[in-house]
Amino acid sequence: MALTLYVDTARWRAHQTSMLEQFPGVVPVCKGNGYGFGHERLAEEVSRFGTDMLAVGTTYEAARIKDWFSGDLLVLTPFRRGEEPVPLPDRVVRSVSSVDGVHALVGARVVVECMSSMKRHGVQPEELGQVASAIENVRLEGFALHLPLDRTDGSDAVEEVIGWMDRLRAARLPLHTLFVSHLRAEELARLQQQFPQTRFRARIGTRLWLGDHEATEYRGSVLDVTRVAKGDRFGYRQQKAASDGWLVVVAGGTSHGVGLEAPKALHGVMPRAKGVARAGLATVNRNLSPFVWAGKQRWFAEPPHMQVSILFVPADSPQPQVGDELVAHLRHTTTTFDRLVDR
């Protein structure tokens, strides 16, 4: 009895193939929890389709994944002086986002991150002269731009990249490779056409692994079903059942990521209204679970436990049976499964 991630492997891999065709030279990203699949599984997939480089989030992830992937590993988190040293092979490429970082990595393979409109990290345009002298002592793999997902000001992602290409060229910096994030295939093609001497490499994670939502599905096994009548007390806090129904114990709790949710950026009146409504219900202990039974998402009977959740299914619904599996709408990047099944 488990929380299971089911993967339609043929469909999942067909989507990967489509992305590889749209983004020549793609650098797959495998960070965090491996987008819900785990580092080892994604390393196997990348090795299968033959990409020469894999991007990871941290040096700690690089240390773990190096035994599963034999190509180059690009660490996306920028180097900082004073960070804990992690033994890594020479095929690991470090990102740097400061002149000081370049100076500190003498002899290392580096990608220099430029400050984009994301304003997260990167060298500034006025620092490019210092970068030009600093890179003499490193093995430069290229420059990089991490772009925003949304452009609410109507700006053009391609124009932002062109602006940086012009600055780098004016500073007499090598333009053989530019790593980019969050560009569409047609935008990448425009850049490649305008700058044929530069190799543009898209770093892609979410769209590569999770772009086909129908290729994967989480399901939690029903472990127990208990009949309750209105007013019966139950659970850790001995709350009263609001009506007749069943308490359904299903695999999947906080250790799996059930009940955890990343903050969302809400745009428009309706999404904001729904957010307010959810918050209001939560104040009276009404929280919608990710589990679906008989076509409806069911309410948590109480907050999820470490490895299981207890749901309330009203008496006017079909009774779940032990061994049934309930579809769970879970976010891949915050979920840990008990088992993965290819089908």
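Rules of the game
- Residues numbered from 1 in each chain as written.
- Predicted model: local features only at pLDDT ≥ 70, side-chain atom pairs only at ≥ 80, totals over all residues.
- Heavy atoms only, no water.
- Helix = DSSP H or I, 4+ residues; strand = E, 2+ residues; numbered from the N terminus.
- Expected span 1.5 Å × (residues − 1).
- Buried < 20%, exposed > 50% of the residue type's maximum accessible area, 1.4 Å probe, protein only.
- Arc of directions from axis to C-beta.
- Contact = heavy atoms within 4.5 Å.
- Axes fitted to C-alpha atoms, helices over the stretch in contact; angles between N-to-C directions.
- Parallel < 35°, antiparallel > 145°, perpendicular 65-115°, else oblique.
- Left-handed = near helix turned anticlockwise from the far one by under 90°.
- Nonpolar A, V, L, I, M, F, W, Y, C, P; charged D, E, K, R; others polar.
- Salt bridge = Lys/Arg side-chain N within 4 Å of Asp/Glu carboxyl O.
- Lys, Arg positive; Asp, Glu negative; His and termini not counted.
- Polar contact = N/O pair within 3.5 Å; in protein donor to acceptor, adjacent residues only side chain to side chain.
- Pairing = 2+ DSSP bridges.
- Right-handed = clockwise from strand over helix to strand, strands pointing away.
- UniProt positions renumbered as here; feature names shortened; annotations may be inferred.

Draft legend 1. View of helix H1 (residues 9–22). Taking 1.5 Å of rise per residue, 14 residues should cover 20 Å, and H1 covers 20 Å from first to last C-alpha, within 8% of that figure. Those residues of H1 that fall on the buried side of the exposure criterion are Thr9, Trp12, His15, Gln16 and Met19. Buried positions in H1, seen along its axis, are confined to an arc of 130 degrees and lie on one side of it. Exposed residues on H1 whose side chains face more than 90 degrees from its buried face are Ala10 and Glu21. At its buried positions, H1 is contacted by strand E1 (3–7), helix H2 (39–49), strand E9 (199–204), helix H8 (206–210) and strand E18 (339–342).

Draft legend 2. Region of the structure containing H2. What H2 keeps buried is the set His39, Arg41, Leu42, Ala43, Glu45, Val46 and Phe49. On the buried face of H2, the contacting elements are H1, strand E2 (27–28), strand E3 (53–56), helix H3 (59–65), H8 and E18. Gly50 occupies a position one or two residues after H2 and carries a positive phi of about 85 degrees.

Draft legend 3. Up close: the packing of H1 against H2. Following both chains from N to C, one finds H1 and H2 inclined at 55 degrees, their axes separated by 12 Å at the closest point. Viewed along their axes, H1 and H2 adopt a mutual orientation that is oblique. You can see that H1 and H2 cross each other, and the crossing is right-handed. Residues Thr9, Trp12, Arg13, Gln16 and Leu20 of H1 form the contact with H2, whose own contacting residues are Arg41, Leu42, Glu45, Arg48 and Phe49. A breakdown of the residues in the contact of H1 with H2 according to their chemical character gives four nonpolar, two polar and four charged.

Draft legend 4. Broad picture of unusual backbone geometry. Phi angles above zero are rare outside glycine, and Arg172 is one such case at about 60 degrees. Judged by relative accessible area, which is 77%, Arg172 ranks as exposed.

Draft legend 5. How the structure looks around the pattern of salt bridges. On inspection of all chains with the given rule, the structure shows 21 salt bridges. Asp52 is the salt-bridge partner of Arg201, the closest N and O atoms lying 2.8 Å from each other. Linking Arg201 in strand E9 with Asp52 in the loop between H2 and E3, this pair joins segments that are 149 residues apart in sequence. On the basis of relative accessibility, which here comes to 4%, the residue Arg201 falls in the buried class.

Draft legend 6. Main features of the side chain of Glu302. Along the chain, Glu302 falls in the loop between strand E15 (296–300) and strand E16 (308–314). Arg237 provides the closest opposite charge to the buried, salt-bridge-free Glu302, at an N-O distance of 6.4 Å. Among the polar contacts made by the side chain of Glu302, one reaches the main-chain amide nitrogen of Tyr236 at a distance of 3.2 Å. Polar side-chain contacts of Glu302 include one of 2.6 Å to the side chain of His305. Glu302 has contacts with Gly235, Tyr236, Arg237, Gln239 and Ile310, leaving out every residue within four places of it along the chain.

Draft legend 7. Main features of the pairing of E3. Side chains of E3 alternate between two faces, with Met53 and Ala55 and Leu54 and Val56 buried alike. For E3 and strand E4 (residues 72–75), the ladder comprises four bridges, and the chain directions are parallel. Counted as the bridge partner of Leu54 is Leu73 from E4. Once the chain exits E3 it traverses H3 before rejoining the sheet at E4, and the crossover so formed is right-handed.

Draft legend 8. Structural context of the UniProt feature "domain: Alanine racemase N-terminal" (unreviewed entry) in the protein. Following the UniProt record, one finds the feature "domain: Alanine racemase N-terminal" (unreviewed entry) at residues 13–153. From the first C-alpha to the last, residues 13–153 spans 36 Å; its make-up is 29% helix and 21% strand.

Draft legend 9. Quick look at the sheet that holds E2. Within the open sheet, the eight strands sit side by side as E2-E9-E8-E7-E6-E5-E4-E3. Their pairing is parallel. A single partner strand is all that each edge strand has here, and the edge strands are E2 and E3. Here helix H7 (residues 185–194) sits on the sheet and contacts strand E8 (177–181) and E9; the angle it forms with E9, its principal contact strand, is near 160 degrees.

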